[in-house]
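Structural overview
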Amino acid sequence: MTIFQKRPWELPERDVTPEAVFLNRRSFMTGLLATGTALGAGIAARSAFAEEDPSAQLYPVKRNDGFQVDDRPMTEEGIASTYNNFYEFGSHKQIADAAQALSIRPWTVTIDGEVEEAQTIDIDGLLAKMPLEERIYRHRCVEAWSMVVPWSGFPLAELVKLSKPTSKAKYLRFETFHNPKVASGQKQSWYPWPYVEGLTIEEATNDLAFMATGVYGKPLAKQFGAPLRLAVPWKYGFKSIKSIVRISFTSERPVSFWEEIQGKEYGFWANVNPSVPHRRWSQASERLLGTDLRRNTLLFNGYEEQVAHLYKGMEGELLYM
Ligand code: MTE
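A brief structural summary. Sequence positions are assigned chain by chain, starting from 1 and proceeding in written order. Local features in this predicted model are restricted to residues of pLDDT 70 or higher, and side-chain atom pairs are both shown and tallied only at a pLDDT of 80 or more, whereas totals for entire chains, interfaces and linings draw on every residue. Values reported for side chains reflect all heavy atoms of the structure, with hydrogen atoms and water molecules removed beforehand.

The next subject is the sheet that holds strand 6 (residues 196–200). Either a parallel or an antiparallel arrangement is found when strands of a sheet pair, and the pairing is made through backbone hydrogen bonds. Here, any two strands with at least 2 DSSP bridges between them count as paired. The numbering of helices and of strands both runs from the N terminus, where a helix is a DSSP run of H or I of at least 4 residues and a strand a run of E of at least 2. Across the sheet, 5 strands lie side by side as 2-1-10-5-6; this open sheet has mixed pairing. With one partner strand each, in any of the chains shown, strand 2 (119–122) and strand 6 form the two edges of the open sheet. Sheet twist, expressed as the average angle between the axes of neighbouring strands with direction ignored, equals 20 degrees. Of the strand pairs in this sheet, strand 5 (residues 171–176) and strand 10 (residues 244–250) are connected by 6 bridges, and their pairing is antiparallel. The residue bridging arginine 173 from the neighbouring strand is serine 248, located in strand 10. For helices, the fitted line uses only the C-alpha atoms of the stretch in contact; every axis is such a line through C-alpha atoms, and the angle between N-to-C directions lies from 0 to 180 degrees.

With that settled, consider unusual backbone geometry. With an omega of -5 degrees, the peptide bond running from tyrosine 59 to proline 60 counts as cis. If you trace the backbone, proline 60 turns up in the loop between helix 2 (25–51) and helix 3 (77–80). Each neighbour pair has its own omega, and for arginine 105 with proline 106 the value is -10 degrees, a cis peptide bond. Looking at the element boundaries, proline 106 is found in the loop between helix 4 (96–99) and strand 1 (108–113). The backbone of alanine 144 shows a phi angle near 75 degrees, a positive value even though the residue is not glycine. Secondary-structure assignment places alanine 144 in the loop between strand 3 (133–140) and strand 4 (145–155). With a relative accessible area of 5%, alanine 144 lands in the buried category. Positioned with a positive phi, tyrosine 216 is a non-glycine residue whose angle comes to about 55 degrees. Its place among the elements puts tyrosine 216 in the loop between strand 7 (210–215) and strand 8 (218–219). Only protein chains enter the calculation, and the probe is 1.4 Å; a residue is then buried if its accessible area is under 20% of its type maximum, exposed if over 50%, and partly exposed in between.

So, about the pattern of salt bridges. In what follows, salt bridge is the name for a side-chain nitrogen of Lys or Arg lying within 4 Å of a carboxyl oxygen of Asp or Glu. The tally for this structure, following the rule as stated, stands at 19 salt bridges. For aspartate 53, the salt bridge goes to arginine 105, with nearest N and O atoms at 3.4 Å. Note that aspartate 53 is positioned in the loop between helix 2 and helix 3 and arginine 105 in the loop between helix 4 and strand 1, a separation of 52 residues in sequence. Assigned by exposure class, aspartate 53 and arginine 105 land together as buried.

The relative placement of two aromatic rings is captured by the distance of their centres and the angle of their planes. The aromatic pairing rule takes the rings of Phe, Tyr and Trp, using the six-membered ring of Trp, and pairs them if the centres are within 6.5 Å, calling planes under 30 degrees apart stacked, those over 60 edge-to-face and the rest tilted. Under the definition given, this model contains 26 aromatic pairs. Feature note: the residues Tyr87, Trp190, Tyr191, Trp193, Tyr195, Phe238, Phe257, Trp258 and Tyr266 constitute an aromatic cluster, connected by ring pairs. Criterion for a charge above a ring: Lys NZ or Arg CZ within 6 Å of the ring centre, and within 35 degrees of the ring normal. One residue, arginine 135, lies across the ring of phenylalanine 67, its end atom 3.8 Å from the ring centre. In this structure, arginine 138 is placed above the aromatic ring of tyrosine 303, and the distance from its NZ or CZ to the ring centre is 5.2 Å.

The values are spatial; any link to function lies outside them.
Below is the structure:
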């Protein structure tokens, strides 16, 4: 007898099926109306919380008009901040309340590995040194939903410069905090905590690679990965690691969290490509978060001009998974 058991990291079908098909729309709308008030109160509470962030006075920052999205509307803050992937706080989307348990001060980021000198930087010291700006980016999750958000932060290239990598440094390995006492998802021992992601130095110094410290004109709310997360919009969303505590420069390609769990489905490169399906669903289109609309997915999520050159001559690599 074959027993087919769903492994914990396998996504429920509702995450890859248009919501309008999965749910009866009428009961979905009635449910929304009923929860509207509670949701509104929750958002207000979380916004109030963000104002206590010691970096609050830095925002809003000046928008960089070189990074706009013209082909779809901005996702409403109330939607983007209540539908999150942050497995440290649960393997579902409604983790915003649980994420408030994360203490984000004091917060330091350790930079080590192939650098002239390892250093540990306090987040507020880092914010004071970096040129903060706002950029509007598309975000495409591997689960076939997408959003458009205004990130505030600074180019990752600036942090690379500050780190003074040696000539042996070929990759950056990013690591999220590890504290199962506040993040109950980290008690689930089948996941290889802490969450890890990686980029090549060329990717990290590309103009688009961004360290987000804020969103919607405020410091990052905790569910978005406060106080520091990556935003690499030409790649599937799982590459955009949240709540970073360590960045190591390495000569070997790091193995990322999802790659370690299921490398055939979540590879190192993970560049968005509508023509390369996930092993269990199509990547040809995506659901715009907060709407019933589907859009055709764009190669490199619409950032081909900025990043395609990074992958020239790499035909042997599985660049899109
Ligand atoms: N970073 C950490 N540390 N833990 C996570 O579970 N999820 C990833 C990414 N970064 C994740 C993470 C995935 S799958 C996505 S789609 C995005 O965060 C979601 O970002 P959002 O919640 O801001 O939309």
